[in-house]
Amino acid sequence: MLRSGEGETLYQKEPDIVYDFKWVESEDAVYLAVFYSEMDEKGIVDEAWLMDRVDINTGEVVTFEAPKEIYWIGK
């Protein structure tokens, strides 16, 4: 859960599996990046991983999809 300084909930995620999260800073914003996967109705983890990029000032969320291999190679 990500909350503002005033206590407002900006982001909350309850995925089946969260792998990692990172703080990412760009020239004009700071983001929380949450890496996760979701299970299908049979309990099988999807092949693609998802990443939510959350603007910590506005709470705006952009979701990206990437193959698992990209994340593992980068570690």
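## Concerning the packing of aromatic side chains
Working step 1: The final tally for this structure, using the stated rule, is one aromatic pair.
Working step 2: Taken together, a centroid distance of 3.9 Å and an interplanar angle of 10 degrees make the contact between Tyr-19 and Trp-49 stacked. Here Tyr-19 is found in strand β3 (residues 17-25), whereas its partner Trp-49 is found in strand β5 (residues 48-55), with 30 residues between them in sequence.

## Digging into the confidence of the model for the chain
Working step 1: Considering every residue of the chain, the mean pLDDT works out to 82; 77% of them sit at 70 or more.
Working step 2: Helix α1 (residues 68-74) is the least confidently modelled element of the chain, averaging 58 in pLDDT, while strand β4 (residues 30-37) averages 90, the highest of any element.

## Examining the side chain of Asp-52
Working step 1: Note on placement: Asp-52 falls in strand β5.
Working step 2: Looking at Asp-52, its side chain comes within polar contact range of the side chain of Tyr-11, at 2.7 Å.

Conventions and cut-offs
- Residues numbered from 1 in each chain as written.
- Predicted model: local features only at pLDDT ≥ 70, side-chain atom pairs only at ≥ 80, totals over all residues.
- Heavy atoms only, no water.
- Phe/Tyr/Trp six-rings, centres within 6.5 Å; stacked < 30°, edge-to-face > 60°.
- Helix = DSSP H or I, 4+ residues; strand = E, 2+ residues; numbered from the N terminus.
- pLDDT = per-residue confidence, 0-100.
- Polar contact = N/O pair within 3.5 Å; in protein donor to acceptor, adjacent residues only side chain to side chain.

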